[in-house]
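Structural features, examined
Listed below are the residues making up each chain.
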Amino acid sequence: MKIEEKERKAREIAEFRYALIAELANKYLSHGQLKELINEKAKRQYDIPYSTKTTITAACIKKWLSQYRKYGKEGLKPKRRSDYGKSRVLSLEETDELRKYLETHPGVTATAALKKLKEEGKIKSDISSSSLSRIIISSGLDRKNRIRAVSNEKNLKFEFFSPLECVQADDMHAFKVPVTDVNGKKRKAILIAFIDDATRRIVYANFSFTERSYEFEKGIKHILKSHGRIGRLYTDNGATFVSGQTQRILDILGITIIHSRPFKPAGRGKIERFFRTVRDQFLRPLDKESIKGLGDLNAKFRTWLESEYHRNPHRGLSGKTPLEAWLAKAKYIIPMDLSIDLDRIFLHEISRRVYKDSTVTLNGTLYEVPSILAGKRIKLYFDPLKPVKRPLILCDGKDYGNARVVDSYANSKVKRGEIGKEITLVYDDKEVKDALPPTIAALSASKVELEGGEI
């Protein structure tokens, strides 16, 4: 199992444990309430990641809670024994002989391999079946994995011809860097990268502090605006790449996203190989203590990417550099239709029922909409990468302008007899024949006019 897969597995287990004990970390719970909640959770059944068990003991829940209070989410990741993968019976030389034999004879069972090596005198120690099993599993050399590895080697190599015909994407965990607006605090930087299958050019890459899907969407939008139309996207099944909002956006654009089979990273070999290059040639020589923040890290990374990676000959391109391969095939890139409003398409969509007072809530903030929409179900559109100030309103396919944050003070000045008065008003440059919205009525009643005449 590769390092990235092990990290992903550990994160999934930690997230499951956190979801289980999150409410128990509430400091306002009394001792009795905490005990009652733990016992209640111990009686339930769960779909536990990477486990056949369905129940969790109260003692185990208490242990996870204690680890979380001491070390945060990191404390919820599974720990390995210090002697994991090491035999206390076989010597290092004997263990290596066993591993080499199994790698070269994938169809042979571990017991048969041990017997053969004993006959040849390469292994002299006696070992129990359980100890033998532990060595094999820890090395990833069980018979099923060995046969699968041989099968993968027989897979035909695939490669696309045109730039952007297929783009692979994945993320990679790096190291902790300072958070510029918080003194002394550091967070782990995560690199999301998109590699063009045909030319190996990195068409987008960026370090951030999150694996949220909007970082993936940000990369797609950048490629479409800067380079051209994407034929298909190829990713794994991580949470970053399976968001419903992302799928909706890609459906509108007609871009196919293909997810590789779980635990089958072979098809993503190009992006995995790039990450290995990043670790060996960029991260390893980097003076990590000199990094001042994400901006500094991204600036250094892009300098390395354009001056070294894109200009070095690539073995998979018959000695050409990624930049040379890209320029040679650039004429095959399909440009985006200029009439497509990408900024509008990449807005996130959320459905809300309008309250009787013509308001809706979004991310904990109360917004005011035209009162003609009271009681109706509407859709709000907003940019997830920016503070939501005036989300766009659509109802039954019709555009109703932008919602406004409710001004509670102005609403207190409303003369209630004027609210139901039908008027024709301009709401975000659109005429809406409607009852006067409370905030506008309040401003009108108190004769308050904002700068520029906008209310």
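Above this text is the structure in question.
Parameters and conventions
- Residues numbered from 1 in each chain as written.
- Predicted model: local features only at pLDDT ≥ 70, side-chain atom pairs only at ≥ 80, totals over all residues.
- Heavy atoms only, no water.
- Salt bridge = Lys/Arg side-chain N within 4 Å of Asp/Glu carboxyl O.
- Helix = DSSP H or I, 4+ residues; strand = E, 2+ residues; numbered from the N terminus.
- Buried < 20%, exposed > 50% of the residue type's maximum accessible area, 1.4 Å probe, protein only.
- Phe/Tyr/Trp six-rings, centres within 6.5 Å; stacked < 30°, edge-to-face > 60°.
- Pairing = 2+ DSSP bridges.
- Axes fitted to C-alpha atoms, helices over the stretch in contact; angles between N-to-C directions.
- Contact = heavy atoms within 4.5 Å.
- Expected span 1.5 Å × (residues − 1).

**Here we look at the pattern of salt bridges**
- A full pass over the atoms with the stated rule returns 14 salt bridges.
- Between K73 and E15 there is a salt bridge, with its nearest N and O atoms 3.2 Å apart. Within this pair, whereas K73 is found in the loop between α3 (58-71) and α4 (92-104), its partner E15 is found in helix α1 (residues 3-21), the two being separated by 58 residues in sequence.
- The partner of K221 in a salt bridge is D343, with the nearest N and O atoms 2.9 Å apart. Of this pair, K221 sits in helix α8 (residues 213-226) while D343 sits in helix α13 (residues 342-345), and the two are 122 residues apart along the sequence.
- When its relative accessible area of 40% is taken as the criterion, D343 is described as partly exposed.
- Taken together, the shared-partner salt bridges in this structure form one network comprising K116, E120 and K122.

**Re the packing of aromatic side chains**
- Under the counting rule described, the total for this entry stands at 13 aromatic pairs.
- Residues F16 and Y46 carry aromatic rings whose centres are separated by 6.1 Å and whose planes lie at 80° to one another, so their mutual orientation is edge-to-face. Of this pair, F16 sits in helix α1 while Y46 sits in the loop between α2 (31-42) and α3, placing them 30 residues apart in sequence.
- An angle of 70° between the planes, with centres 5.0 Å apart, marks the rings of F274 and Y309 as edge-to-face. Of this pair, F274 sits in helix α10 (residues 269-283) while Y309 is found in the loop between α11 (294-307) and α12 (322-329), placing the two residues 35 residues apart along the sequence.

**Comments concerning the sheet that holds strand β11 (residues 398-402)**
- Read from one edge of the open sheet, four strands run β6-β9-β10-β11, paired in antiparallel fashion. Looking along the sheet, the strands with just one partner apiece sit at the ends: β6 (348-353) and β11. Within the sheet, the average angular offset between the axes of one strand and its neighbour, ignoring direction, is 30°.
- With three bridges joining them, strand β10 (residues 392-395) and β11 adopt antiparallel strand pairing. Within β11, the position partnered with C395 by the bridge is K398.
- Packing against the sheet, helix α9 (residues 244-253) makes contact with β6 and β9 (377-382), and its axis sits at approximately 115° to β6.

**What about α10?**
- In a regular helix each residue adds 1.5 Å, so 15 residues correspond to 21 Å; α10 covers 20 Å between its end C-alpha atoms and thus fits that length.
- For α10, the complete set of buried residues consists of K270, I271, E272, F274, F275, T277, V278, F282 and L283.

**What to know about the environment of F209**
- Mapped onto the fold, F209 is located in the loop between β3 (202-208) and α8.
- On the accessibility criterion, F209 (18% relative accessible area) is buried.
- When the C-alpha atoms of F209 and R187 are compared, they prove to be 6.7 Å apart, with 22 residues separating the residues in sequence.
- Apart from residues no more than four positions distant in its own chain, F209 is found in contact with V177, P178, V179, R187, K188, A189, I190 and L294.

**Remarks on the sheet that holds strand β7 (residues 359-362)**
- Taken together, the three strands give an open sheet; going across it, the order is β7-β8-β12, and neighbouring strands pair in antiparallel fashion. Both edges of this open sheet fall to β7 and β12 (404-405), since each of them pairs with a single strand only.
- Examined bridge by bridge, β7 and strand β8 (residues 365-368) share four bridges and lie antiparallel to one another. Note on β8: the bridge partner recorded for T361 is L366.

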